[in-house]
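# Reading the structure
Each chain, written out:
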Amino acid sequence: MLGSGSILEAIAAFTCKNGRAQNQAQRPAATRTPEVCGAEEPGDPDITWSVAAGELDFDTMRPTRRLLLVGEGNFSFSASLCDASNRETHITATCYESEERVSRQTLAKTNIQHLRGKGVEVRFCVDCTKLKDSFLPTKRNFDCIYFNFPHCGRKAGVTKNRELLTKFFCSCADVLAEKGEVHVALCKGQGGTPADQPMREWHNSWQVVAMAAGAGFILSDVHPFNLEDVHGYKCTGYRSQDKSFSVEGALNHIFTRGLPFPHLRPVICQTELEGKRVSIQVPEIFVDKINRRFLDTNSDHPVRTINEKLIAQLSQTFPLQRVDHSLSLLHQGRLSAVSQSNAFWIIPNTKENPNSDPIGKGTARGVLFCGVHFCRDIDQDDRMKAQEGDQLSEHYLRSSLLVHVQDVIRRLSFLPGTLHVLSGPVFRKCLISPHTLPIFHETLFMCAVDKGTEGSCIQMLMDNIKNTISSLLPSLSCFTLNSTVEAKSSETIELNDSVRLDPQLDKTQYFMCVKTDTSDSKASGSCIGAISAAPCGPINSELGIVCASVNLDLVAMQICGIFDWRMLWTVDERFLNQFIGGKLGPFKSFSLYPPSYVHDVSFWVPECEQFDEVAFHTIARCVSQETVVSIQLLDRFQHPQTGRISLCYRLTFQSCDKALTRQQVAEMQMQFRKEIQQCLHITLR
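Below is a summary of the structure that appears in this document. All figures in this text were calculated on a predicted structure; none of them were measured in a lab. (Residues numbered from 1 in each chain as written. Predicted model: local features only at pLDDT ≥ 70, side-chain atom pairs only at ≥ 80, totals over all residues. Heavy atoms only, no water.)

### Some details on the overall build of the protein
Tallying secondary structure elements over the protein gives 15 helices and 26 strands in all. Relative to its 685 residues, the protein shows a buried fraction of 54%. A separation of at least 24 residues holds for 75% of the contacts in the protein among residues at least 6 apart in sequence. Looking at the protein as shown, the accessible area adds up to about 30,200 Å², and 49% of this sits on carbon and sulfur atoms. (Helix = DSSP H or I, 4+ residues; strand = E, 2+ residues; numbered from the N terminus. Buried < 20%, exposed > 50% of the residue type's maximum accessible area, 1.4 Å probe, protein only. Contact = heavy atoms within 4.5 Å. Areas by Shrake-Rupley, 256 points an atom, 1.4 Å probe, with all protein chains shown as cover.)

Shown next as structure tokens:
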């Protein structure tokens, strides 16, 4: 249900509060339309609006808030806004028509006099698609721009009105403050988002979110445009004609700037390997993720908050020791055939002094967690010759903290009966979905116990983890341990590679599974970790090792109601601002109904080679900067004569936190076709 706050309450809140509260829980993408579709799940109409007069924060008031109104007809909205605003608000009301023509209307003439008497700046002949031409650079930087019921006039179709919106948003980008807002009121159904009830077919709407994306704007709020809330407002038709139009069911759409897509450069880092300092090239999809320090002591990220709460709970039952010494991100060893295709293989460079290497023009980036030091950026021509996926190498980015178990056991500080805690990021190639994570934060609890007592240790670990999650997730209805066979056969539990244990270490293993009371079937059940027991090894044959691995990112998604793992890695401050001071409330999205774009690709797979679907998905992640949200196999065809196999996939592109345009997606798709042709040796059709 749409928020019930009035328009003028929103105006009052905006003029007094710097940094409006965000208001919408993130939702998954909707079903596909032929070209572009709104990103809301069908049947999910809830849109709340948290900005109200009672939320004013006078500590964050700016001396003056500058508001711009464009496309005014009789200036009745400007007059109502003026009467509702305080003295710290500077209003500029503009009209496309000349003053002479507008003043022929009695109501318009009265409102103009009223506005000028209140000190409002009134301008005429202002084209909303060329705003920078009407304002000097020193007079720009508006905090909010309003455009009520834009229309090209007469019988202009949806295409013309989309063009108007596109030009208007591009014009707003030239005169809007960095954290400003653009308010666009549209008649029922015009916006093309699920907030409209009933919702028009996408191709028959104005596609307001997609039009705004072209100027870098994202939809951050939607609420009803209630005519009775705006005292004295009288809507007019095209070019101030007396004939009005129906505003019943109209919506006010509030847009903010989205962050631009970064221009990522290759990065080389330095790490310890077998007592030697080696250099490795960071896989491209991790360049913007590997040095984020989510688990640092000064971090407010929900992943760290949850980790600290888990550790605090377990410390009440076990003597606890953190393994705080550096553990390398790079691991050496052979993997099983199943695990090989999911690992990021790396060929280290053994040059001893990469900092003095003449290649590269960047500067040092500082010390990375887990013993990796970023020494410099490198240019495109300076890429190392390490081939991602080259399985001739025995080195790979760790896919689990379990690879460090034997190393920790051999250390003198390892004490039987003490719960040792390791935390850090791990890396795995995986298929694309909202809940499969190529990089995530794992916490590993490990304890050496007498053989035969592993079961009681497992139960204590599970009880403490359950108690912590229950205290943070009121909707938790079930927390169980499932054996490997039981979990895989259950249709209600969502499993993915993010909770898989290393088969080389397992003797007995269980999956920690949670279910919630939510009506969302996708969140009804999932695995957030695993517990295993194995022999301690040659160090002490009378002891066994119990390990509990928790995927902190999946737990954070469950607790905070985050439906897309990518949001955990956004650099937009509007995400972390919701978790300051360790707060773990429901996440409210700042990007509503992001548009999605669909592209298909067909190709012949190489003869005598098995098609690597995981590599296919990994290339899509890399080329699209994680904007591919789903890959669906549409068709598999085998030629009756040659026996060659052709595959057809559908890729859906969508960003959860940035403005994504059709042109950007088209460029990504072209690059994707080139990459899969080169890397997977396929033949495009």
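Further notes follow.
### Brief notes about the packing of helix H2 (residues 76-84) against helix H4 (residues 106-117)
Closest axis-to-axis distance for the H2/H4 pair is 9 Å, and the angle between their directions is 30 degrees. As the angle between them shows, H2 and H4 are arranged roughly parallel. Crossing handedness for the pair H2 and H4: left-handed. Residue-level inspection shows Ser76, Ser78, Ala79, Cys82 and Asp83 of H2 in contact with H4, the latter providing Asn111, His114 and Leu115. Among the residues forming the contact of H2 with H4, the class breakdown is three nonpolar, four polar and one charged. (Axes fitted to C-alpha atoms, helices over the stretch in contact; angles between N-to-C directions. Parallel < 35°, antiparallel > 145°, perpendicular 65-115°, else oblique. Left-handed = near helix turned anticlockwise from the far one by under 90°. Nonpolar A, V, L, I, M, F, W, Y, C, P; charged D, E, K, R; others polar.)

### Structural notes on helix H7 (residues 302-315)
Because an α-helix packs 3.6 residues into every turn, residues spaced three or four apart end up facing the same way. If you check H7, its first and last C-alpha atoms are 20 Å apart, about what 14 residues at 1.5 Å a residue would give, namely 20 Å. Regarding H7, the residues found buried are Pro302, Val303, Arg304, Thr305, Ile306, Asn307, Leu310, Ile311 and Leu314. (Expected span 1.5 Å × (residues − 1).)

### Comments concerning the pattern of salt bridges
Pairing is possible between side chains of opposite charge, provided their charged atoms come close. For the coordinates displayed, the defined rule picks out 16 salt bridges. The salt bridge involving Arg65 is made with Asp143; its shortest N-O contact spans 3.6 Å. With Arg65 in strand E2 (residues 65-70) and Asp143 in strand E5 (residues 142-148), this residue pair connects regions lying 78 residues apart in the sequence. Assessed through its relative accessible area of 4%, Arg65 is described here as buried. Of the residues examined, Asp143 reaches a relative accessible area of 2% and is grouped as buried. Of the charged contacts, one joins Glu626 and Lys289 as a salt bridge, the two residues approaching to 3.9 Å between their closest N and O atoms. In this pair, Glu626 sits in the loop between helix H14 (613-624) and strand E24 (628-638) while Lys289 sits in the loop between strand E10 (276-281) and H7, placing the two residues 337 residues apart along the sequence. By the burial criterion, Glu626 is buried, and Lys289 matches it. Taken together, the salt bridges that share partners define one network made up of Asp288, Lys289, Arg621 and Glu626. (Salt bridge = Lys/Arg side-chain N within 4 Å of Asp/Glu carboxyl O.)

### Here's the deal with the sheet that holds strand E3 (residues 89-94)
Spatially, the seven strands line up as an open sheet ordered E4-E3-E2-E5-E6-E8-E7, and their pairing is mixed. Only two strands of the sheet have a single neighbouring strand rather than two, namely strand E4 (121-123) and strand E7 (217-224). On average, adjacent strands in this sheet sit at an angle of 20 degrees to one another, irrespective of strand direction. The sheet contact formed by E3 and E4 spans three bridges and is parallel. By the bridge assignment, Thr92 is partnered in E4 with Glu121. The sheet strands contacting H2 are E2, E3 and E5, and the helix crosses E2 at an angle near 165 degrees. (Pairing = 2+ DSSP bridges.)

### Points about the packing of aromatic side chains
By the definition in use, this model includes 26 aromatic pairs. With a centroid separation of 4.7 Å and 35 degrees between ring planes, the pair formed by Phe616 and Tyr649 is classed as tilted. Taken as a pair, Phe616 in helix H14 and Tyr649 in strand E25 (residues 645-653) lie far apart in primary sequence, 33 residues in all. One aromatic cluster is present, formed by Phe77, Tyr146, Phe149, Phe225 and Tyr233 through successive ring pairs. (Phe/Tyr/Trp six-rings, centres within 6.5 Å; stacked < 30°, edge-to-face > 60°.)

### What about the nonpolar core?
Side chains that are nonpolar tend, in soluble globular proteins, to be buried together. By size, the foremost hydrophobic cluster in this structure holds 87 residues, and its most contacted members are Ile306, Leu397, Phe445, Leu461 and Phe479. Ranked by the residues each element gives to this core, the list is headed by strand E18 (residues 439-450), at eight residues. The next biggest cluster of nonpolar side chains, apart from the first, holds 60 residues, and it includes Trp206, Phe261, Tyr593 and Phe611. (Core = buried A, V, L, I, M, F, W, Y, C linked by side-chain atoms within 4.5 Å.)

### Focus: the sheet that holds strand E13 (residues 345-346)
Spatial strand order, E12-E16-E13: three strands in an open sheet with antiparallel pairing. Each of the sheet's edge strands pairs with one partner strand only, and the pair in question is strand E12 (330-332) and E13. Where E12 lies against strand E16 (residues 395-397), three bridges are found, and the strand directions are antiparallel. Looking at E16, one finds that Gln332 is bridged to His395.

### Examining the pairing of E24
Bridge count for E24 against E25 is nine bridges, and the pairing is antiparallel. Following the sheet pairing, Asp635 is matched in E25 by Cys648. Connecting E24 to the next strand, E25, in antiparallel fashion are six residues, including Gly643 with a positive phi near 80 degrees.

### Thoughts on unusual backbone geometry
Of the consecutive residues Gln197 and Pro198, the connecting peptide bond is found in the cis state with omega at 0 degrees. Topologically, Pro198 is positioned in the loop between strand E6 (176-186) and helix H6 (208-213). One non-glycine residue, Arg293, adopts positive backbone phi at about 60 degrees. With a relative accessible area of 33%, Arg293 lands in the partly exposed category. Positive phi outside glycine occurs at Gln625, with the angle close to 55 degrees.

### Description of the environment of Lys583
With respect to the helices and strands, Lys583 occurs in the loop between helix H13 (573-576) and strand E23 (596-604). Since its relative accessible area comes to 52%, Lys583 is described here as exposed. Sequence separation between Lys583 and Cys560 is 23 residues; the distance between their C-alpha atoms is 9.9 Å.

### Overview of the environment of Ile631
By the element assignment, Ile631 lies in strand E24. Placed 31 residues apart in sequence, Ile631 and Asp600 show a C-alpha to C-alpha distance of 9.4 Å. For Ile631, the contacting residues outside a window of four places in its chain are Ile432, Phe616, His617, Ala620, Tyr649, Arg650 and Leu651.

### Quick notes on the side chain of Ser400
With respect to the helices, strands and loops of the structure, Ser400 is situated in the loop between E16 and helix H9 (405-410). Of the residues examined, Ser400 reaches a relative accessible area of 2% and is grouped as buried. Within polar-contact distance, the side chain of Ser400 engages the backbone nitrogen of Leu402 at 3.1 Å. Here Glu442 takes part through its side chain, which lies 3.4 Å from a polar atom of the side chain of Ser400. (Polar contact = N/O pair within 3.5 Å; in protein donor to acceptor, adjacent residues only side chain to side chain.)

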